[in-house]
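# Tertiary structure, described
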Amino acid sequence: MNDRFDFAFDLDELAPADAASEEAVERFWSGDLMALSHHHTTPNGSRSFVVAHDQSATWEVPGAAQVMAIAVARDLTRFTFTLETSRHATVSFAQAWLAERGCPPEKIAKIRDGLMKPADDLTVWVERQIRESGTRYKVLDNHTSDSDPCETWTLARDSSAAQEPVRLFHEEWNHDAGTYTMREGAFDDVRADRAWLDDRSGPLPEPPEYSDHNGAVVRARIARIALARSAGASATPKASLDATRTPPAGPVQHPVQGRLL
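Residues numbered from 1 in each chain as written. Predicted model: local features only at pLDDT ≥ 70, side-chain atom pairs only at ≥ 80, totals over all residues. Heavy atoms only, no water.

Contact pair helix α2 (residues 91–100) / helix α4 (residues 121–131): the axes reach a minimum separation of 7 Å and the direction vectors enclose 30°. Of the possible angle classes, the one that applies to α2 and α4 is roughly parallel. Note on packing geometry: the crossing formed by α2 with α4 is right-handed. Residues S92, F93, Q95, A96 and A99 of α2 touch α4, and the partners they reach there are E127, I130 and R131. Along the lines of polarity and charge, the residues of the contact of α2 with α4 split into 4 nonpolar, 2 polar and 2 charged. (Axes fitted to C-alpha atoms, helices over the stretch in contact; angles between N-to-C directions. Helix = DSSP H or I, 4+ residues; strand = E, 2+ residues; numbered from the N terminus. Parallel < 35°, antiparallel > 145°, perpendicular 65-115°, else oblique. Left-handed = near helix turned anticlockwise from the far one by under 90°. Contact = heavy atoms within 4.5 Å. Nonpolar A, V, L, I, M, F, W, Y, C, P; charged D, E, K, R; others polar.)

A separate point is the side chain of R131. Take R131: it is sitting in helix α4. One buried charge, R131, has no salt-bridge partner; the nearest side chain with opposite charge is E132, at 5.0 Å. Among residues more than four places away in sequence, those in contact with R131 are S92, Q95, A96, A99, P105 and A109. (Buried < 20%, exposed > 50% of the residue type's maximum accessible area, 1.4 Å probe, protein only. Lys, Arg positive; Asp, Glu negative; His and termini not counted. Salt bridge = Lys/Arg side-chain N within 4 Å of Asp/Glu carboxyl O.)

It is worth spelling out the pairing of strand β3 (residues 47–54) at this point. Judged by how many residues are buried, β3 sits mostly within the fold: 7 of 8 residues are covered. Where strand β2 (residues 33–40) meets β3, 7 bridges bridge the pair, whose relative direction is antiparallel. Across the sheet, H40 pairs through a bridge with S48, a residue of β3. Sheet topology note: the β3/strand β4 (residues 67–75) ladder contains 7 bridges and is antiparallel. Bridge pairing links H53 to V67 in β4. (Pairing = 2+ DSSP bridges.)

Time to look at the sheet that holds β4. The strands that make up a sheet pair up through hydrogen bonds in the backbone, lying either parallel or antiparallel. If you trace the 5 strands from one edge of the open sheet to the other, you get β1-β5-β4-β3-β2, paired in mixed fashion. A strand with exactly one partner marks an edge of an open sheet, and here the two such strands are β1 (15–16) and β2. Alignment of β1 against strand β5 (residues 80–88), held across 2 bridges, turns out to be parallel. Residue P16 lies in a different strand from β5, and its bridge partner there is F81. Against the sheet, helix α1 (residues 19–27) touches β1 and β5, its axis set at about 60° to β5. Lying over the sheet, α2 contacts β2, β3, β4 and β5, oriented at roughly 20° with respect to β4.

This is the structure we're talking about:
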């Protein structure tokens, strides 16, 4: 599949299997989509999973999600297909949505070259945690800003959290460096989360499991990521869990750009 693609997916000889798929096809416009990652199964590509960037979203309602997840399932014996789409603020949540629908997470993890890269190993770990989370996170809200500040955030409820179950996944981009960071914050309730988003006077509160006995597990996993990334001889500095305690930088003016470009 090309980076820019016509939404065909070999559906020309197939009919929508249900009303929801028919409606999804009627709403679908691929002209502004750029494929970021995709996976197709056999036989004959019976299922397709795509993560795409909707470049038109930056001109729509402020804060609109710019990442689209697309899942197609074909019944080649009945000549029908089902189509589902879902919008997300970050690629990792789009990948998790596709994984729930049968896509192996590792098959959709690779993102095309030429886009912004994770700034550190903690970012890679948080994104992997989201991608492989299954039904762990219930998304409550999200927001995307590709001007000042250049960021996204996703508010979710963590069903596995024993404490502070409301989690904020905050992604911040550095267009000059061509990198981004992803951090996870933890709150008792949505009101506390909203207060932090409105105020930003202190660092994002880290999840309690980063500090308790599970902290060693988290650090071990990040160390394995660092080891794997070192094979690429990256000059990007590695981040430890202490990086989550760094206060956010003050606002900086950036040119308006698509979130991944």
